[in-house]
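Understanding the architecture of this molecule
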Amino acid sequence: MAVCIAVIAKENYPLYIRSVPTQNELKFHYTVHTSLDVVEEKISAVGKSLGDQRELYLGLLYPTEDYKVYGYVTNSKVKFVIVVDSSNTSLRDNEIRSMFRKLHNSFTDVMCNPFHSPGNTIQSKAFDGIVSGMMVQTASTV
């Protein structure tokens with residue numbers, strides 16, 4: 001499903017970035033970081049209209065020629081970005097939402113680990129396994 005999954009801290013530095021084709025890793029870093037402007041714009045627009053009651057799922061941030069970039073923000077302002085291949089037309093919005101939900105639950109498990117210090121990069125094998133599962137589905141369908 002996903003070709004790149006990133007977790008970005010409240011202060012906009014990466015906590016975790018993983019991409020499937022490793023030769024394009026720099027391109028995905030650039031894509032994720034450029035999407036942060038759109039995330040901040042959507043957060044501020046929604047924050048003005050609804051106050052604290054906002055949807056965590058931001059939807060499609062922007063499409064490029066090769067990829068579609070989706071965003072999600074937790075209540076603690078940690079951002080999740082998923083980059084999906086544009087050729088995958090069978091992927092629906094509710095499937096993207098469930099991927100973010102699964103990612104958020106796994107991230108919560110990492111933060112609840114007493115041996116993890118918040119603000120450091122995520123090095124959990126369980127979290128990596130969840131992300132790998134989302135990536136493997138892409139490799140098998142392509």
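In every chain, residue numbers begin from 1 and rise along the written sequence. Local features in a predicted model are, by the rule used here, given only for residues with pLDDT of at least 70; side-chain atom pairs are given and counted only at 80 or more, and totals for whole chains, interfaces and linings are based on all residues. Water and hydrogen atoms were dropped before computing side-chain values, which therefore reflect all heavy atoms in the structure.

On to the environment of Val 38, then. With respect to the helices, strands and loops of the structure, Val 38 is situated in helix α1 (residues 25-50). Given the relative accessible area of 21%, Val 38 is considered partly exposed. Spatially, the C-alpha atoms of Val 38 and Leu 61 are 6.3 Å apart, while their sequence positions differ by 23 residues. Residues count as neighbours in contact if any of their non-hydrogen atoms are within 4.5 Å of one another. Apart from the residues within four sequence positions on either side, Val 38 is in contact with Leu 61 and Tyr 62. In DSSP terms, a helix is any run of H or I states spanning at least four residues, a strand is any run of E spanning at least two, and both are numbered starting from the N terminus. In this scheme, a residue with accessible area under 20% of its type's maximum is buried, one over 50% is exposed, and one in between is partly exposed, where area comes from a 1.4 Å probe on protein chains only.

Phi at Asn 12 is positive, roughly 70 degrees, even though this residue is not glycine. Tracing the backbone shows Asn 12 in the loop between β1 (2-8) and β2 (14-19). The class for Asn 12 is partly exposed, based on a relative accessible area of 31%. With phi around 70 degrees, Lys 77 is a residue other than glycine that occupies positive phi space. As for its placement among the helices and strands, Lys 77 is situated in the loop between β4 (67-73) and β5 (79-85).

Once that is clear, we can look at the pattern of salt bridges. A carboxyl oxygen of Asp or Glu within 4 Å of a side-chain nitrogen of Lys or Arg is what we treat as a salt bridge. In this structure the tally under the stated criterion is four salt bridges. Of the charged contacts, one joins Asp 128 and Arg 18 as a salt bridge, the two residues approaching to 3.1 Å between their closest N and O atoms. With Asp 128 in helix α3 (residues 125-141) and Arg 18 in strand β2, this pair connects stretches of sequence that are 110 residues apart. Its relative accessible area of 28% is what places Arg 18 among the partly exposed residues. Residue Lys 79 pairs with Glu 40 through a salt bridge whose shortest N-O separation is 3.6 Å. Of this pair, Lys 79 sits in strand β5 while Glu 40 sits in helix α1, placing them 39 residues apart in sequence. Residue class for Lys 79 comes out buried when judged on its relative accessible area of 2%. Assessed through its relative accessible area of 33%, Glu 40 is described here as partly exposed.

For two strands to be treated as a pair, DSSP must find at least two bridges joining them. If you trace the five strands from one edge of the open sheet to the other, you get β2-β1-β5-β4-β3, paired in antiparallel fashion. Of all strands in the sheet, those bounded by a partner on one side alone are β2 and β3 (57-63). Shown here is a sheet whose adjacent strand axes are inclined to one another by a mean of 15 degrees, direction ignored. Bridge count between β1 and β2: five bridges; the pairing is antiparallel. Of the residues in β2, the one forming a bridge with Val 7 is Tyr 16. Axis geometry follows a simple rule: fit a line to the C-alpha atoms, using only the stretch in contact for helices, then measure angles between N-to-C directions, giving values from 0 to 180 degrees. Running at roughly 140 degrees to β5, helix α2 (residues 93-112) makes contact with β1, β2, β3, β4 and β5 of the sheet.

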